[in-house]
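Secondary and tertiary structure notes
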Amino acid sequence: MDAVMLARIQFGANISFHILFPTITIALGWVLLYFKLAYNRTGDIKWMDAYHFWVKVFALSFAMGVVSGITMSFQFGTNWPGFMERVGNIAGPLLAYEVLTAFFLEAVFIGIMLFGFSRVSNWVHTLATVLVACGTTLSAFWILVLNSWMHTPVGFEMRDGVAHATDWFAIIFNPSMPYRLAHMLIASGLTAAFLIAGISAFRWLRNDRVPAVRAALRTGVTVAAVLIPVQILVGDMHGLNTLEHQPQKVAAMEANWETGPNVPLVLFALPDEEARENRFEVAIPNGASLILKHDPDGVVPGLNDFEGEHPPVAPVFWSFRLMVGIGVLMLVVSWATAWMLWRRGDLSVWSARVLVAMSFSGWVATLAGWYVTEIGRQPWLVSGVLTTAEAASAVPAPMIGATLAMYLAIYAVLITAYIGAILYLARKAGQDRPTMRPTAPKTPKAVPFPAE
Amino acid sequence: MMHLFGDPAVWLPVVFAGLMGVSILIYVTLDGFDLGIGILFGGAPEPWRDRMIAAIGPFWDANETWLVLAVGLLLVAFPMAHGTILTALYLPVAIMLLGLILRGVAFEFRAKVEPEKKRNWDRAFFVGSLMTALSQGYMLGLYIMGLEQTPWTIAFAMLTAVCLAAGYALIGAAWIILKTDGQLQRRAVRWARRAVGLVALGMAAVSMASPLVSPRIFEKWFSVPEIILLAPLPILSGVVLAGLWMVLGHLPDRNDRWDWVPFAGAVSVFGLAFAGLAYSFYPYVVPERLTIYEAASAPESLMVILAGTLFVLPVILGYSAFAYRVFRGKATDLRYD
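Every value quoted in this text rests on a predicted model; they were computed, and no experiment measured them. (Residues numbered from 1 in each chain as written. Chains lettered and ligands numbered in written order. Predicted model: local features only at pLDDT ≥ 70, side-chain atom pairs only at ≥ 80, totals over all residues. Heavy atoms only, no water.)

The helix and strand inventory of chain A stands at 14 helices and six strands. Taking 22 Å as the expected radius of gyration for a compact globule of 452 residues, we find that chain A reaches 23 Å, a close match to that expectation. Reported as C-alpha extents along the three principal axes, the dimensions of chain A are approximately 70 × 50 × 40 Å. Scored against the burial criterion, the 452 residues of chain A give a buried share of 60%. For chain A, the distance from the average site of its 29 positive side-chain charges to the average site of its 29 negative ones is 21 Å. (Helix = DSSP H or I, 4+ residues; strand = E, 2+ residues; numbered from the N terminus. Rg over C-alpha atoms; globule rule 2.2 N^0.38 Å. Buried < 20%, exposed > 50% of the residue type's maximum accessible area, 1.4 Å probe, protein only. Lys, Arg positive; Asp, Glu negative; His and termini not counted. Charge placed at Lys NZ, Arg CZ, Asp CG, Glu CD.)

Shown next as structure tokens:
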């Protein structure tokens, strides 16, 4: 394998590993705030119990996100030195603002949020929770601005082969940013919601059905049921935006080779780039034209218009189907369980098992979605400005391969340990439950239960 | 506005080199103490470990963010240098990252897994901290040697690796002296005393090696009047190290009123060493190859960052100080409630 491909796999592996955790923490921060505010308002200890359980998951996820994020900040330089040399004048300030406005905010206040409950007043602790949630969301904002700009670059001019910013407002609010940001934030909401619902269902199945578990379960299912239709709508809008700015990506998503009207929606196919056709195609007539142009006679772009300049078809095509498939599954599961909770007031064993199985479904959908958009941008790193190959470093392939193997090994260990630790926390929470509980918000120290 | 202080292509790179330097100094000081505690973790008996963790628990995350800021400033302000330095240091960077990953997550995992697995994460915390410190020291050594890789420069880099790890152990022990009491504190005094010697050796080695490697640096230090003006730097370093050694001999004192002195001493040592290095290498960002002026981004982009930095950095310093204030005093058990 050549060095560029290895560098891509290495960066892709790291960024894939990284995104798993912010995807949880971005939304979980706001859910924790909701638990905290519900406790402040009602004084019902179940909300604080839910908070104390999920804040541990948050802390663990946060640490995983921080360490893999540090890795990323170095890999920009080790793997893609050409990126900063060519577009550093634009990427640089955006990354700097992420560090300055988001990273420090979350890193400093998470200390108070986690360990400061008995050291600061209740409102300062709530404020720390707000600031951490703001920090994670701001971080998502800046990084998605930069990522969107790489897809739809505007507001700059090239001088001597280097990009110079001409309009910061245009750069920040570039054409794909609002759609991508909304799509990602809702994806985070769904990921956290299904994790909360799934782990709560896991505890429910173990007969750990205390009020805190039920409250978290209800929160997770409700958030999921509300967000998923919004996500489908936003996803559609994002797709139409991509059609406008990156038609070759949409052509690859649909595995459509020829530009024309009445393009079918391909449900299954093995795209063959050599022969430039689909094998074993199963398709709905006019489907793609209907979805993308809202008209059966709508003209949909085909890959043959972009020969040699379009992304690899099969990975984009399949990732897109995986993402959409999970989205549909999320819709069915969240609405069915929400209906069940509303009508019967409780889960059935089977619905609980389905929720457990869906615990990490948000991860799979998020990764699949990122593969669609990132592989879909190839061969460009910054659309029309810089190709991925141009940005690569001169580090020899064996060294990239060796460090890649090292990263993959550690990521495999950490993912296993992470899921294992969450399940252990869930089992343990059901076992060592203090019998007496403080009831008023003013006596947090009455029955301490340790963090470890 | 941009031309208020003269040509921005001249002063902006200096300002950003300064900001980057300050970030690096804050990073090695702050993450230095929590990395140091990770290194000392290896020799600490189990009952003390939770307490050592408690002394850094609320802080380590923010401490590490200064590294992200430092490398971020290198990335955004000196993109040419960022690529050159990081590809030259590809392998030690990878090892450092692995170390940072291991120790960062071990921190959380050790408190959340089954009791029988806790020991493994304790080991990961020690190994990760040591790997991080050694690879950072190794990178410092290679950087001083102009990023050349010969058997001699590698040997020198290995020496700086050990000495930087000792420096971190020193400041880590000093933090324990400040944040704990009793037996652990007494042991930390012994750790600190042992580290002082290695730190002195490291500083002497770097001071002698860098002028020998670079005629330019030799010239900067040993011509007149520089040699007289700069004399306070090594003399002061020696005095502080000797003073630290002596003070440690008398700690812990009866009322624990001087528990902050070793930490203050260690911070001064770090500051002095940093000042010496900064003086030697200015105006180069890649030693002998690329100056900060050649490597800098476009002035317009730097202005955009600077405006934000001048506004946000004081706020960051303010709330960081607040967090240290919230967790002031001797460390107590870490609790989420």
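Next up on the list: the overall build of chain B. The helix and strand tally for chain B stands at 14 helices and two strands. Taking 337 residues into account, the globule formula puts the C-alpha radius of gyration at 20 Å, and chain B, at 20 Å, falls close to it. For chain B, the proportion of its 337 residues judged to be buried stands at 59%. In chain B, of all internal contacts separated by at least 6 residues, the share reaching a separation of at least 24 is 79%. Accessible surface, chain B as shown: approximately 13600 Å² in total, 71% of it carbon and sulfur. Charged side chains in chain B number 24 positive and 23 negative. The centres of these two groups are separated by 11 Å. (Contact = heavy atoms within 4.5 Å. Areas by Shrake-Rupley, 256 points an atom, 1.4 Å probe, with all protein chains shown as cover.)

Right, let's talk about the interface of chain A and chain B for a bit. The interface is formed by 73 residues belonging to chain A together with 67 residues belonging to chain B. Considering only the side of chain A, the residues that lose the most area to chain B are Phe74(A), Phe104(A) and Phe115(A), jointly responsible for 12% of the buried surface there. Across the pair Arg427(A) and Glu114(B) runs a salt bridge, and its minimum N-O distance is 3.9 Å. At the boundary of chain A with chain B, the tally comes to eight residue pairs in polar contact (both at pLDDT 80 or more). Contributing elements (two or more residues each) for the side of chain A that touches chain B: helix 2 (45-79), helix 3 (81-115) and helix 14 (397-431) of chain A. For the side of chain A that touches chain B, the leading source of residues is helix 3 of chain A, giving 23 residues. (Buried area = accessible area lost by both parts, 1.4 Å probe. Salt bridge = Lys/Arg side-chain N within 4 Å of Asp/Glu carboxyl O. Polar contact = N/O pair within 3.5 Å; in protein donor to acceptor, adjacent residues only side chain to side chain.)

Residue and element names in this part refer to chain B. Counting through the fold element by element, Ile176 comes out in helix 7 (residues 151-179). The buried category is assigned to Ile176, whose relative accessible area is 0%. It is 37 Å that separates the C-alpha atoms of Ile176 and Pro283, two residues lying 107 residues apart in sequence. For Ile176, the contacting residues outside a window of four places in its chain are Ile37, Leu40, Met52, Leu184, Ala188 and Trp191.

Our next topic: the pattern of salt bridges. Residue and element names in this part refer to chain B. Counted by the stated rule, this structure contains 20 salt bridges over all chains. Note that Arg49 and Asp122 form a salt bridge whose closest N and O atoms lie 3.4 Å from each other. On the criterion of sequence distance, the pair formed by Arg49 in helix 2 (residues 46-56) and Asp122 in helix 6 (residues 115-144) is long-range, its members being 73 residues apart. Both residues of the pair, Arg49 and Asp122, count as buried. When the shortest N-O distance is used, the salt bridge between Arg103 and Glu64 registers 3.0 Å. Of this pair, Arg103 sits in helix 5 (residues 90-112) while Glu64 sits in helix 3 (residues 60-77), and the two are 39 residues apart along the sequence. Like Glu64, Arg103 is buried. Among the ionic contacts, a cluster of salt bridges with common partners joins Arg49, Asp50, Arg110, Lys118 and Asp122.

Counted by the stated rule, this structure contains 37 aromatic pairs over all chains. For the ring pair Phe58(A) and Phe62(A), a centre distance of 5.9 Å and an interplane angle of 25° mean the geometry is stacked. Taken together, the positions of Phe58(A) and Phe62(A), both in helix 2 and four residues apart, correspond to about one turn of that helix. The pair formed by Phe58(A) and Phe62(A) is uniform in burial state, with each residue classed as buried. Ring plane angle 75° and centroid distance 5.9 Å describe the contact between Phe33(B) and Phe263(B), whose orientation is recorded as edge-to-face. Taken together, the residues Phe33(B) in helix 1 (residues 8-41) and Phe263(B) in helix 12 (residues 261-281) connect sequence positions 230 residues apart. (Phe/Tyr/Trp six-rings, centres within 6.5 Å; stacked < 30°, edge-to-face > 60°.)

Attention shifts here to the pairing of strand 4 (residues 277-284) of chain A. All names here are of chain A. As paired elements, strand 3 (residues 265-272) and strand 4 share six bridges and run antiparallel to each other. When the bridges of strand 4 are listed, Val266 appears paired with Ala283. In textbook terms, the turn of a hairpin is the stretch between consecutive antiparallel strands, and for strand 3 and strand 4 this stretch comprises four residues, one of which, Arg276, has a positive phi near 55°. (Pairing = 2+ DSSP bridges.)

Residues and elements named next belong to chain B. In the contact formed by helix 1 and helix 3, the axes pass within 8 Å of each other and the chain directions differ by 155°. In terms of orientation, helix 1 and helix 3 fall into the roughly antiparallel class. Both helix 1 and helix 3 take part in a crossing whose hand is left-handed. Across the interface between the two elements, Phe16, Leu19, Met20, Ser23, Ile24, Ile26, Tyr27, Leu30, Asp31, Phe33 and Asp34 from helix 1 touch Trp60, Asn63, Glu64, Trp66, Leu67, Leu69, Ala70, Leu73, Leu74 and Ala77 from helix 3. Grouping the amino acids of the contact of helix 1 with helix 3 by side-chain chemistry returns 16 nonpolar, two polar and three charged. (Axes fitted to C-alpha atoms, helices over the stretch in contact; angles between N-to-C directions. Parallel < 35°, antiparallel > 145°, perpendicular 65-115°, else oblique. Left-handed = near helix turned anticlockwise from the far one by under 90°. Nonpolar A, V, L, I, M, F, W, Y, C, P; charged D, E, K, R; others polar.)

Take the nonpolar core next. Ranked by internal contacts, the top residues of the largest apolar core, which has 229 residues, are Trp54(A), Phe83(A), Tyr418(A), Phe16(B) and Phe109(B). Of the residues forming this core, the biggest block, 21 residues, is contributed by helix 3 of chain A. Ignoring sequence-local partners within four residues, the contact set of Phe16(B) consists of Leu73(B), Ala77(B), Phe78(B), Leu302(B), Ile305(B) and Leu306(B). Listed in part, the 21 residues of the second largest apolar core include Ala197(A), Leu217(A), Val333(A) and Leu341(A). (Core = buried A, V, L, I, M, F, W, Y, C linked by side-chain atoms within 4.5 Å.)

All names here are of chain A. Looking at where Ser319 falls in the secondary structure, it is placed in helix 10 (residues 313-343). With relative accessibility at 11%, the residue Ser319 sits in the buried group. Those residues in contact with Ser319 that sit more than four places away from it in its chain are Ala368, Tyr371 and Val372.

This brings us to a nonpolar patch on the surface. Residue and element names in this part refer to chain A. Where nonpolar side chains cluster on the molecular surface, the patch consists of Leu267, Phe268, Leu270, Phe280, Val282, Ile284 and Trp318 and spans about 650 Å² of accessible area. Every element with two or more residues in the nonpolar patch is listed here: strand 3 and strand 4. Here Val282 shows up in strand 4. (Patch = residues over 30% accessible without salt bridge, like charges linked within 9 Å, V, L, I, M, F, W, Y side chains within 5 Å.)

Here the focus is the environment of Gly111(A). In this fold, Gly111(A) is placed in helix 3. As for Gly111(A) and Ala128(A), which are separated by 17 residues in sequence, their C-alpha atoms are 8.9 Å apart.

Now for the confidence of the model for chain A. All names here are of chain A. For chain A, per-residue confidence averages 88 on the pLDDT scale, and 95% of positions sit at 70 or higher. Taken element by element, the predicted model of chain A shows its lowest mean pLDDT in strand 4 (83) and its highest in helix 6 (residues 177-205) (95). Note on residues 435-452: pLDDT is under 50 here. Beyond four places in sequence and across chains, it has 34 contacts. (pLDDT = per-residue confidence, 0-100.)

Where the model shows low pLDDT, its predicted coordinates should not be examined in detail. All names here are of chain B. Residues with a pLDDT of 70 or more make up 98% of chain B, whose mean pLDDT is 86. Taken element by element, chain B is modelled with least confidence in helix 10 (residues 226-230), mean pLDDT 81, and with most confidence in helix 6, mean pLDDT 91. This complex was scored by the predictor with a pTM of 0.87 and an ipTM of 0.83.

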